[in-house]
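As a plain string of letters, each chain reads:
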Amino acid sequence: PCDEGTYKFRFPSPSPCPPPILSFVDAGFSYGDGRPPIFDRLNFGVAPGERMALVGDNGAGKSTLLKLMAGTLTATSGRVERSGKASVAAFAQHAVDGLDLASTPLTALSLATAGAHTTDALRSHLATFSVDATLASRRIYTLSGGQKVRVALAAATLARPHLLLLDEPTNHLDVDAIDALVDALRGYEGAAVIVSHDAHLLAAACPDALFEVGHRAVVRFEGSFADYRAALRARAAATAAAGG
């Protein structure tokens, strides 16, 4: 792990927003060039305060679905409708990789918001992700991997998003920081959609809100994360038996 210590994170509460935050309406997506579609005729929505854990095989399209939600990809059929009053923020590894290493966390957040916040407000917000005044004034290249993740999380949540999209947020975080992230998600009043290989995060933050991605569809899994893992083992056993 890159960090050691005890942390406390807090996501700022969004303003009220009527449901849904966004809706998939007969939405499909393909990268083109003759490749088969990844999604076909998706119809579901995300409500304020909802928790969704996206599960499925590697390459099933989980990160692509998050990009469709974020608007960085556009549906190639149907549409994704977003509430005009809702703000959506995304965190992924590229958000960490994209930090200006020569900058400081304070300067990075100030530039990202075109100076809309005072230095004191930015310091206060960074502190909610255990980035204290000393860390906030250090060059980002001197920070550990976990500290950079916390800066990127602070940047993603500064605008008080109604929907937070998290793609593998536990990379570089140690156990204490992951527990702090779980607690923050539990207390967050906005909606969150999470992709993670961390079983603890998904089981604790989205215990009964699993959505399986695959076969061009997104289907709610009825059961807990433990039930889902048991179902995966049963499927693997059935496949092995059929192959034998």
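What you see is a predicted model, and the numbers here were worked out from it, not measured in a lab.

We now examine the pairing of strand β7 (residues 191–195). Counting buried residues in β7 gives five out of five residues, a clear majority hidden from the surface. The alternating pattern of β7 places Ala-191, Val-193 and Val-195 and Ala-192 and Ile-194 on opposite faces, both of which are buried. Direction of pairing for strand β3 (residues 51–55) relative to β7: parallel, over a ladder of four bridges. If you follow Arg-51 over to β7, its bridge partner there is Ala-192. With five bridges joining them, strand β6 (residues 163–167) and β7 adopt parallel strand pairing. Opposite Asp-167, over in β7, you have Val-195 as the bridge partner.

What follows is about helix α1 (residues 62–70). Of all the positions in α1, only Lys-62, Thr-64, Leu-65, Leu-66, Leu-68 and Met-69 are classed as buried. Phi turns positive, to about 90°, at Gly-71, one or two residues after α1.

Our focus in this paragraph is the side chain of Ser-196. The topology assignment puts Ser-196 in the loop between β7 and α8 (199–205). Among the polar contacts made by the side chain of Ser-196, one reaches the main-chain amide nitrogen of Asp-198 at a distance of 2.9 Å. Here Ser-196 is in contact with Glu-168, Pro-169, Thr-170, Leu-201 and Leu-202, once residues within four sequence places are set aside.

This next bit is on the sheet that holds β6. Reading across from one edge, β5-β6-β7-β3-β8-β9 is the order of the six strands in this open sheet, with mixed pairing throughout. Unpaired on one side and paired on the other, β5 (88–91) and β9 (217–221) mark the two borders of the sheet. The average undirected angle you get between the axes of adjacent strands in this sheet is 20°. The pairing of strand β8 (residues 210–214) with β9 spans five bridges and is antiparallel. Note on β9: the bridge partner recorded for Gly-214 is Ala-217. Helix α9 (residues 225–243) contacts β3, β8 and β9 of the sheet and is inclined by roughly 35° relative to β8.

Taken as a whole and judged by the stated rule, the model has eight aromatic pairs. The interplanar angle of 45° and the centroid separation of 6.2 Å between the aromatic rings of Tyr-7 and Phe-9 together place this pair among those described as tilted. In this pair, the class of Tyr-7 matches that of Phe-9, namely buried. Here Phe-11 and Phe-129 contribute two aromatic rings whose centre-to-centre distance is 5.6 Å and whose plane-to-plane angle is 50°, an arrangement assigned as tilted. You can see Phe-11 sitting in the segment before β1 (22–29) and its partner Phe-129 sitting in the loop between α4 (119–127) and α5 (133–136), a full 118 residues away along the chain.

This part takes up the nonpolar core. By size, the foremost hydrophobic cluster in this structure holds 49 residues, and its most contacted members are Phe-9, Phe-11, Phe-91, Leu-181, Leu-185 and Ile-194. For this core, the element with the highest residue contribution is helix α7 (residues 175–187), accounting for seven residues. Leaving out residues up to four positions away in the same chain, Phe-9 has contacts with Thr-128, Phe-129, Ser-130, Arg-150, Ala-177, Ala-180, Leu-181 and Ala-184. One finds Leu-65, Leu-165, Val-193 and Val-195 within the second-largest nonpolar core, a separate group that totals 28 residues.

Taking 1.5 Å per residue as the helical rise, helix α6 (residues 145–157) with its 13 residues ought to reach 18 Å, and the 19 Å between its terminal C-alpha atoms agrees with that figure. The element α6 is extensively covered by neighbouring structure, given that 12 of its 13 residues are classed as buried. When we look at burial in α6, the residues that qualify are Gly-145, Gly-146, Gln-147, Lys-148, Val-149, Arg-150, Val-151, Ala-152, Leu-153, Ala-154, Ala-156 and Thr-157.

Conventions and cut-offs
- Starting afresh in each chain, residues are numbered from 1 along the sequence in its written order.
- With the structure being a predicted model, the display of local features is reserved for residues of pLDDT at least 70 and the display and counting of side-chain atom pairs for 80 or more, all residues being used for whole-chain, interface and lining totals.
- The side-chain values count all of the structure's non-hydrogen atoms but skip hydrogen atoms and water molecules.
- Note on classification: 1.4 Å probe, protein chains only; a residue is buried when its accessible area is under 20% of the maximum for its type, exposed when over 50%, partly exposed between these limits.
- Strands here are runs of E lasting at least two residues and helices are runs of H or I lasting at least four, both read from the DSSP assignment and numbered beginning at the N terminus.
- At least two bridges found by DSSP between two strands is the condition for calling them paired.
- Polar contacts here mean pairs of N or O atoms no more than 3.5 Å apart (in protein, one a potential hydrogen donor and the other a potential acceptor; neighbouring residues in sequence count only if both atoms are side-chain atoms).
- Residue contacts follow a heavy-atom distance rule, with two residues in contact if any of their heavy atoms lie within 4.5 Å.
- Between N-to-C directions, angles cover 0 to 180 degrees, with each direction set by a line fitted to C-alpha atoms, over the stretch in contact for helices.
- Ring pairs shown here join Phe, Tyr and Trp side chains whose ring centres sit within 6.5 Å, with only the six-membered ring taken for Trp; geometry is labelled stacked below 30 degrees between planes, edge-to-face above 60, and tilted in between.
- By convention a nonpolar core is built from buried Ala, Val, Leu, Ile, Met, Phe, Trp, Tyr and Cys residues, the set being connected through side-chain atoms within 4.5 Å.
- For a helix, the expected span equals 1.5 Å multiplied by the residue count minus one.

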